[in-house]
Number of protein chains: 2
Amino acid sequence: MGQIGPSELSGSLSRATAQRLSQYLRCLRPALTGTTVSSSQLARAVGVSDAQVRRDLATLGNLGQRGIGYDANALTAVIRRTLGIDRTWKSVIVGVGNLARALLRYRGFHEQGFEIVGLFDNDPHKIGTQVDGLTIDSLDQLASSIKTSKAELGVIAVPPESAQLVADELTRAGIKGLLNFAPALLKIAPHIRLVTVDLAIQFEQLAYLVRLSRTSENGE
Amino acid sequence: MGQIGPSELSGSLSRATAQRLSQYLRCLRPALTGTTVSSSQLARAVGVSDAQVRRDLATLGNLGQRGIGYDANALTAVIRRTLGIDRTWKSVIVGVGNLARALLRYRGFHEQGFEIVGLFDNDPHKIGTQVDGLTIDSLDQLASSIKTSKAELGVIAVPPESAQLVADELTRAGIKGLLNFAPALLKIAPHIRLVTVDLAIQFEQLAYLVRLSRTSENGE
C-alpha cells in the first residue's frame, strides 16, 4: 500500500515537514514578506513556533542570516526544488463532476506547476463536451491519452464505488502518483504514490478543535 | 491566529494523532474488519506502523485485549466521542460554486455527523434558488440565519480575495469553527478554530512523494 500517514517518514523529510514547507511557500510572497523574511514572520503566518520554522529550514541547508533573516526569493526556490515543484507536473482528472470543475478553476494549481492535460468520464452525455478548453474523453482513451501527453499524476474524482477501478486503470496507464478525493481506501501497487484527500476528515478535525476549545473554556 | 500546523499540540492529542484517529475510523466498518480488529489490520489499512496504532489507541484508554484485538463497535464509539463527532454539527457553506455543490453531494459528511443547514452567496442569480433542497440566501441573512439554525461551523468556499471578509462575517455571526477552502491566509480571532484545506498543498505533497521515489530508483 502506498498510503502514507501524516507522521510517517518518507525519505529525507517527514510528511509533516514537507507539509509545512508547502505552507511556508504560501507566505513567501514579496507583497506579504518583503525581500527578506524572518522565521518569526513565517511562524506567525503558518501558526507554528519560531523554533519549528528554524528547524525545518535548517534541513534545507544554511539559508538564513542571523539578525537579517532569509532571502524570500532564494528560500522560495529552495523549497520548490526540495518539493519537486520547480517544474511542471502534467496531470489528468478522472470523473468530471462538481469537484473536478472546482479543481479546474482552482487558482494556484497552474501557479504551483500543476497542469491538467486530460479529463475523463464514462458518462456518454459528458464525453466529447468541453470544460475550460479541455475535451472530456471516455475512460477507454485513458491509456493512449496518458501515453501521448506523458501525464504523471492522476486525480480520482469519481464516486467511492468506482475509485478502485479508476486507480487500477490509471496504474495500468503508467501514472506515477494518485490524488484520491473519493472516500474509499484504495489498494495500490507499491511503486505508485497516493495522497488521499478525505474531506470528511477535515471536518472532523475542525469539530475536534472546536470541542477542545469549548471543553477548556468550561474548565471541564 | 487559530491556524494550527500539522504537528502542533492542541490539547490532549496532537493534530497528527487526531488525524490518524479519523483515518482509523474510516477502516472500522464491520464489513471490513469483523467485530474485532487488530492493530496490524488498522496499521495496514492506514499505512502506519503497528506500534503507532497501539500508541494512538492507548491514549484513549485501556481498550484492546491481548491476542484478541479491539472491539470494533466500542473503538468506533470511543474515537467518535474523542473527536467530538458523537453528535451532529450544524454547518453553513458560504460561496455556492462547484466546490460547494461537490461538498453537498459528498457522502460521508452526513454519516459522520455534519449537517449542512444553510447556503449563502452574493450572486443575485443564485440567491433564492435551491440546491439539494436548501435555498441559497444572501450574505445579509447570514447573522440572522445562523442565530436561528444555531449552526456552529462555517465552510468558506469563495474566491481567495473574498475569504477574509467572509471569515469576518461568519465570526460576527457567532460561528465557532471555520473550514477554509480558499487559498488565502486568514487572520481570525483567537476564539475561532480554523482548518484550512489547501488543495494545491495536497498536489505538492504528491509531487514530492513521486519525486522522492524516482530519486531513490535512480540511486541519486
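Worth saying up front: this structure is predicted, and the values here are computed from it rather than measured.

(A) A look at the relation of the copies chain B and chain A. With an RMSD of 0.0 Å, chain B superimposes on chain A once it is rotated by 180 degrees and translated 0.0 Å along the axis. Considering both components of the superposition, the chain copies are consistent with a two-fold axis. Within chain B, Asn98 of chain B has its C-alpha nearest the rotation axis, a separation of 2.4 Å. Looking at chain B, 100% of its interface residues are interface residues in chain A too, so the copies touch through the same face.

(B) Region of interest: the side chain of Ser213 of chain A. Within the secondary structure, Ser213 of chain A is located in helix H9 (residues 199-217). At 2.9 Å, the side chain of Ser213 of chain A forms a polar contact with the backbone oxygen of Val210 of chain A.

(C) View of the domain arrangement of chain A. All names here are of chain A. As far as domains go, chain A holds domain 1 (9-83) and domain 2 (89-201). Computed from C-alpha coordinates alone, the two centres of domain 1 and domain 2 are separated by 30 Å. Across the domain 1 to domain 2 interface the summed buried area is about 330 Å²; carbon plus sulfur atoms make up 21%. Looking at the side of domain 1 facing domain 2, the largest losses of area belong to Arg15, Arg29 and Arg80, adding up to 74% of the total buried there. Run the count over domain 1 and domain 2 and you get 0 salt bridges. Taken together, the links from domain 1 to domain 2 amount to 0 residue pairs in polar contact (both at pLDDT 80 or more). Among the elements that line the side of domain 1 that touches domain 2, the one with the most residues is helix H1 (residues 15-27), at 3 residues. Its residues assigned to classes, the side of domain 1 that touches domain 2 comprises 1 nonpolar, no polar and 4 charged.

(D) The arrangement of the packing of helix H3 (residues 39-46) of chain B against helix H4 (residues 50-58) of chain B in detail. Residue and element names in this part refer to chain B. Running from amino to carboxyl end, H3 crosses H4 at an angle of 110 degrees, the nearest separation of the two axes being 8 Å. Considered as vectors, H3 and H4 are oriented roughly perpendicular to each other. Judged by the sense of rotation from one axis to the other, the crossing of H3 with H4 is right-handed. Residue-level inspection shows Ser39, Ser40, Leu42 and Ala43 of H3 in contact with H4, the latter providing Asp50, Val53, Arg54 and Leu57. Here the residues of the contact of H3 with H4 are counted per class, giving 4 nonpolar, 2 polar and 2 charged.

(E) Highlighting the packing of helix H1 (residues 15-27) of chain B against helix H5 (residues 72-83) of chain B. Residues and elements named next belong to chain B. Packing of H1 against H5 brings their axes to within 10 Å, and their N-to-C directions diverge by 145 degrees. Between H1 and H5 lies a crossing of left-handed hand. Each of Ala18, Leu21, Ser22, Tyr24 and Leu25 in H1 lies in contact with H5, whose residues at this interface are Thr76, Ile79, Arg80, Thr82 and Leu83.

(F) Broad picture of the environment of Leu178 of chain A. Relative to the helices and strands, Leu178 of chain A is located in strand S10 (residues 177-180). Here Leu178 of chain A falls in the buried class, since its relative accessible area comes to 0%. When the C-alpha positions of Leu178 of chain A and Ser91 of chain A are compared, they lie 9.5 Å apart, and in sequence the two are 87 residues distant. Residues within four places of Leu178 of chain A in sequence aside, it is in contact with Gly154, Ile156, Ala167, Leu170, Ile188, Ile192, Arg193, Leu194 and Val195 of chain A together with Leu206 of chain B.

About the thresholds
- Here, residues in each chain are numbered from 1, in the same order as that chain's written sequence.
- Starting at A for chains and at 1 for ligands, labels are handed out in the order in which the entities are written.
- Local features are withheld for residues below a pLDDT of 70 in this predicted model, meaning they are given only at 70 or higher, and side-chain atom pairs are given and counted only at 80 or more; totals for whole chains, interfaces and linings count all residues.
- The side-chain values count all of the structure's non-hydrogen atoms but skip hydrogen atoms and water molecules.
- Only residues with pLDDT of at least 70 in both copies contribute their C-alpha atoms to the least-squares superposition of the copies.
- Contacts: residue pairs with any heavy atoms within 4.5 Å of one another.
- Numbering goes from the N terminus for both helices and strands, where a helix is a DSSP run of H or I of at least four residues and a strand is a run of E of at least two.
- Counted as a polar contact is a pair of N or O atoms within 3.5 Å, where, for protein atoms, one must be capable of donating a hydrogen and the other of accepting one, and residues adjacent in sequence contribute only when both atoms are in side chains.
- Boundary definitions for the domains trace back to an automatic or database domain assignment.
- As used here, buried area is the combined drop in accessible area, with a 1.4 Å probe, of two parts when they are placed together.
- Criterion for a salt bridge: a side-chain nitrogen of Lys or Arg within 4 Å of a carboxyl oxygen of Asp or Glu.
- Under the scheme applied here, ten amino acids are nonpolar (Ala, Val, Leu, Ile, Met, Phe, Trp, Tyr, Cys and Pro), four are charged (Asp, Glu, Lys and Arg), and all others, including Gly, are polar.
- All axes here are fitted lines through C-alpha atoms, helices being fitted over the stretch that makes contact, and every angle between N-to-C directions spans 0 to 180 degrees.
- When describing relative orientation, an angle under 35 degrees is termed roughly parallel and one over 145 degrees roughly antiparallel, while 65 to 115 degrees is termed roughly perpendicular and anything else oblique.
- Crossing handedness is read from the near helix: turned anticlockwise from the far helix by less than a right angle, it gives a left-handed crossing, and turned clockwise, a right-handed one.
- The classification of residues rests on relative accessible area computed with a 1.4 Å probe and restricted to protein chains. Under 20% of the type maximum is buried, over 50% is exposed, and intermediate values are partly exposed.

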